[in-house]
Amino acid sequence: MVWTFSPKAFAKRLPGKVIYKAPVVRIEQDAGGVRVVCRREGAHQTFSADYLICALPFSVLREVEISPPFSAKTRAIVAEMTYGSVSRVFLQMKTRTWETQGWNGFAVTDDPMEVWHPTHNQPGLRGILVAYACHGYARRLAAMPEPVRLSHTLDRMERLFPGARPTYETGTSHCWDDDPWTRGAWAEQSHWWGLSPEGRIHLAGDCVSSHSSWMQGAFESAWRVAHEINDIGTG
Ligand SMILES: Cc1cc2nc3c(=O)[nH]c(=O)nc-3n(C[C@H](O)[C@H](O)[C@H](O)COP(=O)(O)OP(=O)(O)OC[C@H]3O[C@@H](n4cnc5c(N)ncnc54)[C@H](O)[C@@H]3O)c2cc1C
């Protein structure tokens with residue numbers, strides 16, 4: 001059996017339950033239940049439930065209207081959570097010139113930047129080199145218009161792997177600071193010890209776990225909130 005681990009594989013197992021292109025814009029609760037308002041196909045759609053697990057990154061949650069507002073403590077944590085910056089630039093090269101020079105295409109530079117060659121085990125002549133920048137360098141890349149970002153990265157690759165430039169075909173990039181669904185790469189602090197449910201709303205995500213910035217943290221928080229809700233009425 002072939003296992004596929006991806007969000008899309010999860011979604012396939014939940015037919016009709018995952019709704020795309022419907023950003024949450026408002027969350028409200030009262031004694032009777034909780035409601036989530038989404039923007040969908042130009043209109044607002046409301047979903048009602050007894051309880052809500054909210055796994056939005058805090059960087060996004062702080063833009064969502066919450067009624068009544070969370071407690072002062074939770075509001076402060078949501079507002080002040082900082083997120084790491086990451087930018088990745090992908091360059092497609094016609095040939096893997098670096099391999100003919102004895103390099104495998106992986107490197108760490110002083111910028112600080114990592115260089116990856118994710119196509120190293122794929123057949124064919126072409127190769128993709130990836131610049132993986134964090135922190136301040138990621139923000140510098142994010143501030144550049146995409147064509148400048150690509151040519152800047154190509155310059156860096158040429159210095160690392162002389163002769164690579166003439167084989168460049170095309171490129172693309174992703175800067176997580178500019179991604180509207182994350183507004184940053186990963187949560188930099190863990191608040192697993194200090195956040196209680198806000199009424200009917202249970203907060204999840206790597207930012208409310210003991211392993212912020214890791215998928216493991218997101219799973220850990222999912223496990224915790226599932227127990228919190230299961231235990232309601234039995235505890
Ligand atoms: C470049 C990069 C490399 C990484 N490498 C690793 C690694 O090697 N190992 C590792 O363990 N972790 C890694 N991480 C971190 C990992 O991706 C996160 O820790 C993890 O995804 C956090 O899970 P989460 O469910 O809390 O949040 P997310 O995965 O960010 O999920 C939040 C979800 O909310 C959705 N959303 C956002 N806004 C709205 C809205 N308004 N309405 C509805 N939905 C919305 C988003 O689309 C997203 O699906 C990496 C992250 C990045 C960016």
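Note that this is a predicted model, so its numbers are computed, not measured.

**Focus: the overall build of the chain**
Scanning the chain from N- to C-terminus turns up seven helices and eleven strands. The principal-axis extents of the C-alpha atoms in the chain amount to approximately 70 × 45 × 40 Å. Within the chain, the fraction of its 235 residues that count as buried is 26%.

**Looking at the sheet that holds strand β7 (residues 107-109)**
Sheet strands associate in pairs through backbone hydrogen bonding, adopting either a parallel or an antiparallel arrangement. Judged by pairing direction, the sheet is antiparallel, and its five strands sit side by side in the order β7-β8-β9-β6-β10 without closing on themselves. Every other strand in the sheet has two partners, leaving β7 and β10 (168-175) as the edge strands with one partner each. Averaged over all pairs of adjacent strands, the angle between their axes in this sheet comes to 15°, without regard to strand direction. As paired elements, strand β8 (residues 113-116) and strand β9 (residues 127-134) share four bridges and run antiparallel to each other.

**Let's talk about the sheet that holds strand β5 (residues 65-67)**
Pairing is mixed across the open sheet formed by four strands, whose spatial order is β3-β2-β1-β5. A single partner strand is all that each edge strand has here, and the edge strands are β3 (43-49) and β5. Direction aside, neighbouring strands of the sheet carry axes that sit 15° apart on average. Pairing between strand β1 (residues 24-30) and strand β2 (residues 33-40): six bridges, direction antiparallel. Within the sheet, the bridge partner assigned to R26 lies in β2 and is V37.

**Section: unusual backbone geometry**
Cis rather than trans, the peptide bond between S67 and P68 has omega equal to -10°. Relative to the helices and strands, P68 resides in the loop between β5 and α3 (72-80). Following D111, the chain continues to P112 via a peptide bond in cis, the omega torsion being 10°. Position of P112 among the secondary structure elements: in the loop between β7 and β8. Backbone geometry places K21, a non-glycine residue, at a positive phi of 55°. Along the chain, K21 turns up in the loop between α1 (7-12) and β1. Phi angles above zero are rare outside glycine, and E41 is one such case at about 50°. One can find E41 in the loop between β2 and β3.

**Here's the deal with the domain arrangement of the chain**
For the chain, the assigned domains read domain 1 (18-82 + 187-231) and domain 2 (86-178). Relative to domain 2, the C-alpha centre of domain 1 lies at a distance of 36 Å.

**Thoughts on the site of the ligand**
Neighbouring the ligand are 20 residues; W181, A185, G205, M215 and A218 lie closest to it. Per-element accounting of the shell around the ligand gives the leading share, four residues, to helix α7 (residues 215-231). Looking at side-chain class alone, the shell around the ligand contains 14 nonpolar, five polar and one charged residues.

**Description of the environment of R200**
Position of R200 among the secondary structure elements: in the loop between β10 and β11 (201-203). For R200, a count of 19 C-beta atoms within 10 Å translates into the label partly exposed. Measuring from C-alpha to C-alpha, the distance between R200 and I53 comes to 8.6 Å, with 147 residues separating the pair along the chain. When residues no more than four places from it in sequence are discounted, the contact partners of R200 are Q29, G33, V34, D50, Y51 and L52.

**Description of helix α6 (residues 146-160)**
The end-to-end C-alpha distance of α6 is 21 Å, a good match for the 21 Å that 15 residues give at a rise of 1.5 Å each. Where the residues of α6 are buried, they touch β6 (86-93), β9, α5 (135-143) and β10.

**Side note on the environment of Q216**
Here Q216 shows up in helix α7. As a C-alpha pair, Q216 and G205 span eleven residues in sequence and 9.7 Å in three-dimensional space.

What counts and how
- Residues numbered from 1 in each chain as written.
- Predicted model: local features only at pLDDT ≥ 70, side-chain atom pairs only at ≥ 80, totals over all residues.
- Helix = DSSP H or I, 4+ residues; strand = E, 2+ residues; numbered from the N terminus.
- Buried ≥ 20, exposed ≤ 12 C-beta atoms within 10 Å, placed from the backbone.
- Pairing = 2+ DSSP bridges.
- Axes fitted to C-alpha atoms, helices over the stretch in contact; angles between N-to-C directions.
- Domains from an automatic or database assignment.
- Near = placed C-beta within 6 Å.
- Nonpolar A, V, L, I, M, F, W, Y, C, P; charged D, E, K, R; others polar.
- Contact = placed C-beta atoms within 7 Å.
- Expected span 1.5 Å × (residues − 1).

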